[in-house]
Amino acid sequence: INKQSGQTDGESRNDFYPKGPGYVVIINQKNFYRDKHHHKAKALEARNGTDVDRDRLEITFTYLGAKKIRIFNDLNTKEVEVKLDECVREVNQNHADYFWLSVCFLSHGGRNEYREDEVYACDGIPKNRKEIIMKFADKNSIPNFEGKPKLFIFQACRTREQEKSPDTNVRQIQSPLGQRLQEISDSNVTTDSPYPTINHGDYIVGSATVEDFVTFR
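Analysis parameters
- All residue numbers here refer to positions counted from 1 along the written sequence of the relevant chain.
- A pLDDT threshold of at least 70 governs which residues receive local features in this predicted model, and a stricter bar of 80 or more applies before side-chain atom pairs are shown or counted, although totals over entire chains, interfaces and linings include all residues.
- Water and hydrogen atoms were dropped before computing side-chain values, which therefore reflect all heavy atoms in the structure.
- By definition, two strands form a pair when at least two bridges between them are found by DSSP.
- Secondary structure elements follow DSSP: runs of H or I no shorter than four residues count as helices, runs of E no shorter than two count as strands, and numbering proceeds from the N terminus.
- The convention used is that axes are lines fitted to C-alpha atoms, helices contributing only their stretch in contact, and that angles between N-to-C directions extend from 0 to 180 degrees.
- Only protein chains enter the accessibility calculation, which uses a 1.4 Å probe; a residue whose area is less than 20% of its type maximum is buried, one above 50% is exposed, and one in between is partly exposed.
- Our angle categories are set so that under 35 degrees counts as roughly parallel, over 145 as roughly antiparallel, 65 to 115 as roughly perpendicular, and the remainder as oblique.
- Crossing chirality is assigned from the near helix's rotation relative to the far helix, an anticlockwise turn below a right angle marking it left-handed and a clockwise turn marking it right-handed.
- In what follows, a contact means two residues having at least one pair of non-hydrogen atoms within 4.5 Å.
- Gly is placed with the polar residues, together with every amino acid not listed as nonpolar (Ala, Val, Leu, Ile, Met, Phe, Trp, Tyr, Cys and Pro) or charged (Asp, Glu, Lys and Arg).

A. Summary view of the sheet that holds strand β1 (residues 22-28). The parallel open sheet is built from 5 strands, whose spatial order is β2-β1-β3-β7-β8. If you trace the sheet from one side to the other, it starts and ends with β2 (66-73) and β8 (203-207), each paired once. In this sheet, neighbouring strand axes are inclined to one another by 10 degrees on average, regardless of whether the strands run parallel or antiparallel. Two strands pair when backbone bridges link them, and strand β7 (residues 150-155) and β8 are joined in this way by 5 bridges, in the parallel orientation. Across the sheet, Phe152 pairs through a bridge with Val205, a residue of β8.

In structure tokens form, the structure reads like this:
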């Protein structure tokens, strides 16, 4: 993976991330139930066969040199938050042991009214993908891992349930999360600099399908 260099012309450059052991998180959602106390919760079918994807990811990342692979199955919304935060703390504390990280989320998915991608916990409650990404990509969340590559893989659909095909005429409305991210970005803009300070970087996101379409495993 190429990385950007902050050095000027004429200086020595390192355009590649150094090789080394990695840290991997795999969240595998197979069995679902609907949380009756949450208005956004959905009744979702079991994702039979997802264990095969989980196991193949483990084999692949082991081959690629992962030093630690943490696998979690059928987590509810609270457990997803707790386990992700636990992994963030572990990676940040032991940053010298890892040269890269990857987070894989295998579940049902969709897009909300703001056309933002979401993935589901096993209680049928959606979670914004950006929140998962920013936990590991934002230097304010994981400062000791800044400058190291991060790979996010989402095995999930990316369309709203009622949509038959993409509607290109839908007006784009920013979600509360999108507004917060924009406010953070705007707050770093000054008249002395033409570009805002970016607090997240060195990451790539892989999706099982393109926007507004379903995916099959």
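B. Main features of unusual backbone geometry. The backbone phi angle of Asp202 is positive, close to 60 degrees, even though this residue is not glycine. Tracing the sequence through the fold places Asp202 in the loop between α4 (176-187) and β8. We classify Asp202 as partly exposed; its relative accessible area is 28%.

C. Examining the packing of helix α2 (residues 77-93) against helix α3 (residues 129-137) more closely. Relative to each other, α2 and α3 sit at 20 degrees, their axes nearing to 10 Å. Taken together, the axis directions place α2 and α3 in an arrangement best described as roughly parallel. Both α2 and α3 take part in a crossing whose hand is right-handed. On α3, the residues touching Glu81, Leu84, Asp85, Cys87 and Val88 of α2 are Ile132, Lys135 and Phe136. Across the contact of α2 with α3, the residue classes tally to 5 nonpolar, no polar and 3 charged.

Distances and angles like these do not, on their own, reveal function.
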